[in-house]
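Remarks on the overall topology
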Amino acid sequence: MNKALRTPVIAGNWKMNNTPDETKALIAEMKPLVAGADCKVVLCVPYIDLYAALEAAAGSDIEIGAENCHWAEKGAFTGEVSAKMLKAAGVPYVIIGHSERRQYFGETDITVRNRVRAALNEGLKIILCVGEMLAERKADMTAEIVSAQTEVALSGVTAEEMKNIIIAYEPVWAIGTGETATPEQAQEVCGMIRALIARLYNSEVADATVIQYGGSMNEKNAAELLAKPDIDGGLIGGASLVAEKFAVIVEAAGK
Ligand code: PGA
């Protein structure tokens, strides 16, 4: 299927940045810059900023997401927030399996799968992150690692539910380092993920799935990455904290 038939999704991942007041100010700055975008625009923000973000983005083209969610509906899980709570708060998107969760907070392929299941049960749209570490790339294990992460996370996910899944390929060595994967490297893995989805489901599902690249995507390199046939958008960290930079990436995705 022609890439042009998939709507690109540019998503910001604010990580642990911005207070509620800063959230309102930054979204107010972004709104006119991304108005009428030819792609979907999502901002994933810290839990504490969600209400401020929803309020600030109301009536605009910007949709809001959380950066994680727990797999249980409720219970004794101090510090966690459930998918059910996000849904009730009116949050449509959630990032699951970000490499910083995997690296620093003990997230495993199994906990990622459980979170995916909970989010799907609530009808949330998921940005599912996968990606290899530098040592894994050097050991020529990229395809193996990314396939395993994707396959486990999607186990039990139906073809119908795949409509709510976006996959973000984020090589860990490119995140926050300023070192971007080359468009060829990013395309190779995104293409591999699409082929895997075709094997797990069918070519229709594979053709319809949005696959993003993430890892030091910025206003300078976005256009070249987004021009690749299997890269349908980006998950943007650092550059999503600056309105003008984020707007340039959104613009590039619409072309
Ligand atoms: P970065 O982060 O754009 O700052 O590299 C991307 C991400 O972690 O999603």
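As the structure is a computational prediction, the values presented were derived from the model and not from experiment. (Residues numbered from 1 in each chain as written. Predicted model: local features only at pLDDT ≥ 70, side-chain atom pairs only at ≥ 80, totals over all residues. Heavy atoms only, no water.)

This brings us to the side chain of D49. Looking at the element boundaries, D49 is found in the loop between β2 (40-44) and α2 (50-57). We note that D49 is buried and unpaired, the nearest opposite charge coming from K24 at a distance of 9.3 Å. Every residue in contact with D49, bar those within four places of it in the chain, is listed here: N17, N18, T19, P20 and T23. (Helix = DSSP H or I, 4+ residues; strand = E, 2+ residues; numbered from the N terminus. Buried < 20%, exposed > 50% of the residue type's maximum accessible area, 1.4 Å probe, protein only. Lys, Arg positive; Asp, Glu negative; His and termini not counted. Salt bridge = Lys/Arg side-chain N within 4 Å of Asp/Glu carboxyl O. Contact = heavy atoms within 4.5 Å.)

Moving on, we come to the pattern of salt bridges. Should the charged atoms of two oppositely charged side chains come close, the side chains can pair. Within the structure shown, the criterion is met by 13 salt bridges. E80 is the partner of R115 in a salt bridge, and the nearest nitrogen-oxygen pair spans 3.5 Å. One end of the pair, R115, is in helix α5 (residues 109-121); the other, E80, is in the loop between β3 (62-66) and α3 (83-89), with 35 residues separating them in the sequence. Classification of E80 as partly exposed rests on a relative accessible area of 31%. D109 serves as the salt-bridge partner of R102, at 2.8 Å between the closest nitrogen and oxygen. Residue classification places R102 among the buried positions, given a relative accessible area of 16%. By relative accessible area, which is 25% here, D109 ends up partly exposed. Here the salt bridges share partners, and the residues they tie into one network are R6, R194, D230 and D232.

This part covers the state of the cysteines. Simply put, disulfide is the name for a covalent bond between the sulfur atoms of two cysteines. All told, the structure shown has zero disulfides when counted by the stated rule. Here C39 is not disulfide-linked; the sulfur of C44 is the nearest cysteine sulfur, at 14 Å. Unpaired in terms of disulfides, C44 finds its nearest cysteine sulfur in C129, a separation of 8.8 Å. Accessibility expressed as a relative area gives 0% for C44, which makes it buried. (Disulfide = S-S within 2.5 Å.)

Another point: the pairing of strand β1 (residues 9-13). Most of β1 is tucked away, with five of its five residues classed as buried. Where β1 and β2 come together, five bridges link them in parallel fashion. Residue pairing for β2: A11 is matched across the bridge by V42. Handedness of the crossover joining β1 and β2 through helix α1 (residues 20-34) is recorded here as right-handed. Summarising the sheet, β1 and strand β8 (residues 233-236) pair through four bridges and their orientation is parallel. Each residue of the ladder has a partner; that of A11, found in β8, is L235. (Pairing = 2+ DSSP bridges. Right-handed = clockwise from strand over helix to strand, strands pointing away.)

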